[in-house]
Amino acid sequence: NLRENVHTEKKDRYADLIVEHVEYMNQMVEKILELAKVESISRLTEKNPVDLNTLTEAVLKKYEILMTDKNLQVKVEGVCVVEADKAYMEQAAENLIGNAIKYAPEETEIQIRLEKEGYEIRNKINGQLQTPANRLWKPFVKGDDSRNMQKGTGIGLTIVKNIADMHGFELELQCEEGEFVAKLIF
């Protein structure tokens, strides 16, 4: 329609849709490359103390605008230092926190609990998941139809699962009574 000058009054809308889809495809390619990288490592040989409080605050800063736009409150409780690879732990935290922010309904609270035993993120969700929560870490699996192609790639939790595995951690996903819980167990 753009080439043929059909519906010229919709030209801007067509251009916006093209840009939106290109951005989504770029995000998809980036996530696939991240997944390929973490899948190539079976076990980490070098781990260092990682302060998850500092790491969490840094990740939350990246999402300040989206949190403000959705009027989300984030409550961080506890203190935790874990032996891990800092870059991979930041990537895992960014995927988990990003999902919570992306899928939390407006004007709700996200709870992040840091403990010696694990790193837990809780957020409300709209409706019920159509996929069991314990299957969401599989590649390209999404929770429901509302998480359509413009929301996410379906790879983020797969990356988190691989990062957990390479550290010898577990990833536990649950959804009960309109609340989604993701927990890395150390």
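Structure shown above.
A brief look at the structure comes next. (Residues numbered from 1 in each chain as written. Predicted model: local features only at pLDDT ≥ 70, side-chain atom pairs only at ≥ 80, totals over all residues. Heavy atoms only, no water.)

1. Let's talk about the overall build of the protein chain
Okay, so step 1: Along its length, the protein chain carries five helices and seven strands.
Okay, so step 2: In sequence order, the secondary structure elements of the protein chain are arranged as α-β-α-α-β-β-α-β-β-α-β-β.
Okay, so step 3: When each of the 186 residues of the protein chain is scored for burial, the buried share is 43%.
Okay, so step 4: Summarising the internal contacts of the protein chain: among those between residues at least 6 apart in sequence, 68% fall at separations of at least 24. (Helix = DSSP H or I, 4+ residues; strand = E, 2+ residues; numbered from the N terminus. Buried < 20%, exposed > 50% of the residue type's maximum accessible area, 1.4 Å probe, protein only. Contact = heavy atoms within 4.5 Å.)

2. Regarding the nonpolar core
Okay, so step 1: Formed by 40 residues in total, the largest nonpolar core has its most connected members in Ile-97, Tyr-119 and Leu-184.
Okay, so step 2: Mapped onto this core, the elements with two or more residues apiece are helix 2 (52–62), strand 3 (81–84), helix 4 (86–103), strand 4 (109–115), strand 5 (118–124), helix 5 (156–167), strand 6 (170–176) and strand 7 (179–185).
Okay, so step 3: Among the elements that line this core, the one with the most residues is helix 4, at eight residues.
Okay, so step 4: With residues up to four places along the chain from it excluded, the contact list for Tyr-119 reads Leu-52, Thr-56, Ala-93, Leu-96, Ile-97, Ile-112, Arg-113, Leu-114, Ala-182, Lys-183, Leu-184 and Phe-186. (Core = buried A, V, L, I, M, F, W, Y, C linked by side-chain atoms within 4.5 Å.)

3. Some remarks on the packing of helix 2 against helix 4
Okay, so step 1: Following both chains from N to C, one finds helix 2 and helix 4 inclined at 50°, their axes separated by 10 Å at the closest point. In terms of axis orientation, helix 2 runs oblique to helix 4. When you trace helix 2 past helix 4, the crossing you get is right-handed. For the pair formed by helix 2 and helix 4, the contact residues are Leu-52, Leu-55, Thr-56, Val-59, Leu-60 and Lys-62 on the first element and Lys-86, Met-89, Glu-90, Ala-93, Glu-94 and Ile-97 on the second. (Axes fitted to C-alpha atoms, helices over the stretch in contact; angles between N-to-C directions. Parallel < 35°, antiparallel > 145°, perpendicular 65-115°, else oblique. Left-handed = near helix turned anticlockwise from the far one by under 90°.)

4. Things to note about the environment of Leu-55
Okay, so step 1: In this structure, Leu-55 sits in helix 2.
Okay, so step 2: For Leu-55, the contacting residues outside a window of four places in its chain are Val-50, Lys-86, Met-89, Glu-90 and Ala-93.

5. A short note on helix 4
Every α-helix carries 3.6 residues per turn, so stepping three or four residues along brings you back to the same face.
Okay, so step 1: With 18 residues, helix 4 should reach 26 Å at 1.5 Å per residue; the first-to-last C-alpha distance of 26 Å fits that figure.
Okay, so step 2: A distance of 3.1 Å separates the backbone nitrogen of Ala-87 from a side-chain oxygen at the start of helix 4, and that oxygen is part of Asp-85. (Expected span 1.5 Å × (residues − 1). Polar contact = N/O pair within 3.5 Å; in protein donor to acceptor, adjacent residues only side chain to side chain.)

6. Examining the pattern of salt bridges
Okay, so step 1: Overall, the coordinates contain nine salt bridges when judged by the stated rule.
Okay, so step 2: The partner of Lys-62 in a salt bridge is Glu-90, with the nearest N and O atoms 3.4 Å apart. Of the two residues, Lys-62 sits in helix 2 while Glu-90 sits in helix 4, which places them 28 residues apart along the sequence.
Okay, so step 3: On the basis of relative accessibility, which here comes to 25%, the residue Glu-90 falls in the partly exposed class.
Okay, so step 4: Where Lys-161 meets Asp-165, a salt bridge forms, and the shortest distance between an N and an O atom there is 3.1 Å. Remark: Asp-165 and Lys-161 occur in helix 5; sequence separation between them is four residues, near one turn of the helix.
Okay, so step 5: Since its relative accessible area comes to 18%, Lys-161 is described here as buried.
Okay, so step 6: Overall, Asp-165 belongs to the partly exposed group, its relative accessible area being 36%. (Salt bridge = Lys/Arg side-chain N within 4 Å of Asp/Glu carboxyl O.)

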